[in-house]
Amino acid sequence: MTVRNLSRVSACFAAMALIGQTFAADLASLVEQKAKALVRIRFVQKTTAPQGEREAEREIPGVMIDPTGIVVTSNTASGGINAFMKQLQIQTNVSQIKVFIGDDEEGLDADKMPHDSDRDLVWIKIREPGDRKFDFVDLSGAVEPKIGDELFTVSLMSKFYGLVPVVKIGQLGGMATKPRKLFIPTNMGEGQTELGAAVFARDGSVVGLLVLQMPDSDDATAMQEDIALLILPAADVAKATQRSREAAAAAPPAPVEEKPADEKPADATQP
């Protein structure tokens, strides 16, 4: 190998090392920026099914999307009724909602806002935020990825692991247009523990939210085949959030009880 070729090889390895360092720095910055907007939502869920009733305390992740204390998460994860649960004649009731920020052990009392079951979204509003302003993910800064683009989620490990933030890496594998515009990820959204996680581009711009999508079908087999964790674009999340705000302003929420299985919730849902 000539000296010139050795120089080229050395330059190539140096460039690769620089790219790796830049990538690592970008991920570290992403975690640092977004982890502060990640919260825990704790509540008591009463589940009624043909087999009986049970009550349990649950804790799920949420994303702060407004500095005044509005959190968005998955309606399914928060005890909401979906089409599959309706077929099984399951009803739920959620109470004693609290939002935990950082390593706070007390929690802040909160209420459910009108939800959107079609998009698998629910909003939780801190009841008395006072003058406090919360770190949040700005949905107005959304970007639309292209197929093959890298995608990232930032989530918190459980309290047992010290609530350490973890970044997961995937790609955009495709785009769906029905039942609405949805981004189809690869290497993420493979477990329901990721429900409600925010998805970001490498530069920190928000892409969307991981939600559970399923058809409103009487065919249980077909329904199970079509259930998927997909990314609802941030622009759609923002519009749905505005509808929920308007519905909440028109009828301030009392403690919300999940609607019976045979009813469609009169909420912020729109086609």
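All values derive from a computational prediction rather than experimental measurement.

1. So, the sheet that holds strand 4 (residues 91-101)
Okay, so step 1: The strand order around the closed barrel built from 6 strands is 1-2-3-6-5-4, with neighbouring strands paired in antiparallel fashion. Strand-to-strand twist of the sheet, defined as the mean angle between neighbouring strand axes without regard to direction, takes the value 35°.
Okay, so step 2: As defined by bridge partners, strand 5 (residues 108-112) adjoins strand 6 (residues 121-126) across 3 bridges and the pair is classed as antiparallel. Looking at strand 6, one finds that Ala110 is bridged to Ile126.
Okay, so step 3: Lying on the sheet, helix 4 (residues 234-250) is in contact with strand 2 (52-66), strand 3 (70-74) and strand 6; it crosses strand 6 at an angle near 55°.

2. Looking at the confidence of the model for the chain
Okay, so step 1: Chain-level statistics for the chain give a pLDDT mean of 80 and a share of 73% at 70 or above.
Okay, so step 2: This model gives residues 259-266 a pLDDT under 50, and the stretch forms 12 contacts once residues within four places in sequence are excluded.

3. Regarding the environment of Ala198
Okay, so step 1: Within the secondary structure, Ala198 is located in strand 10 (residues 198-200).
Okay, so step 2: On a C-alpha basis, the gap between Ala198 and Ile231 in space is 8.7 Å, while along the polypeptide they are 33 residues apart.
Okay, so step 3: When neighbours within four sequence positions are excluded, Ala198 is seen to be in contact with Val63, Phe152, Thr153, Val154, Gly208 and Leu209.

4. Quick notes on the pattern of salt bridges
Okay, so step 1: In this structure the tally under the stated criterion is 12 salt bridges.
Okay, so step 2: Its salt-bridge partner being Lys159, residue Glu105 comes within 2.8 Å of it at the nearest N-O pair. Taken together, the residues Glu105 in the loop between strand 4 and strand 5 and Lys159 in the loop between strand 7 (150-156) and strand 8 (165-176) connect sequence positions 54 residues apart.
Okay, so step 3: Assessed through its relative accessible area of 48%, Lys159 is described here as partly exposed.
Okay, so step 4: The closest approach of N and O atoms between Arg243 and Asp116, which form a salt bridge, is 3.7 Å. A residue pair is termed long-range when its members are at least 10 positions apart, and Arg243 in helix 4 and Asp116 in the loop between strand 5 and strand 6 qualify at 127 residues. Each member of the pair, Arg243 as well as Asp116, is classed as buried.
Okay, so step 5: When salt bridges that share partners are traced, they join Asp116, Arg119, Asp236 and Arg243 into one network.

Rules used throughout
Residues numbered from 1 in each chain as written. Predicted model: local features only at pLDDT ≥ 70, side-chain atom pairs only at ≥ 80, totals over all residues. Heavy atoms only, no water. Pairing = 2+ DSSP bridges. Helix = DSSP H or I, 4+ residues; strand = E, 2+ residues; numbered from the N terminus. Axes fitted to C-alpha atoms, helices over the stretch in contact; angles between N-to-C directions. Contact = heavy atoms within 4.5 Å. pLDDT = per-residue confidence, 0-100. Salt bridge = Lys/Arg side-chain N within 4 Å of Asp/Glu carboxyl O. Buried < 20%, exposed > 50% of the residue type's maximum accessible area, 1.4 Å probe, protein only.

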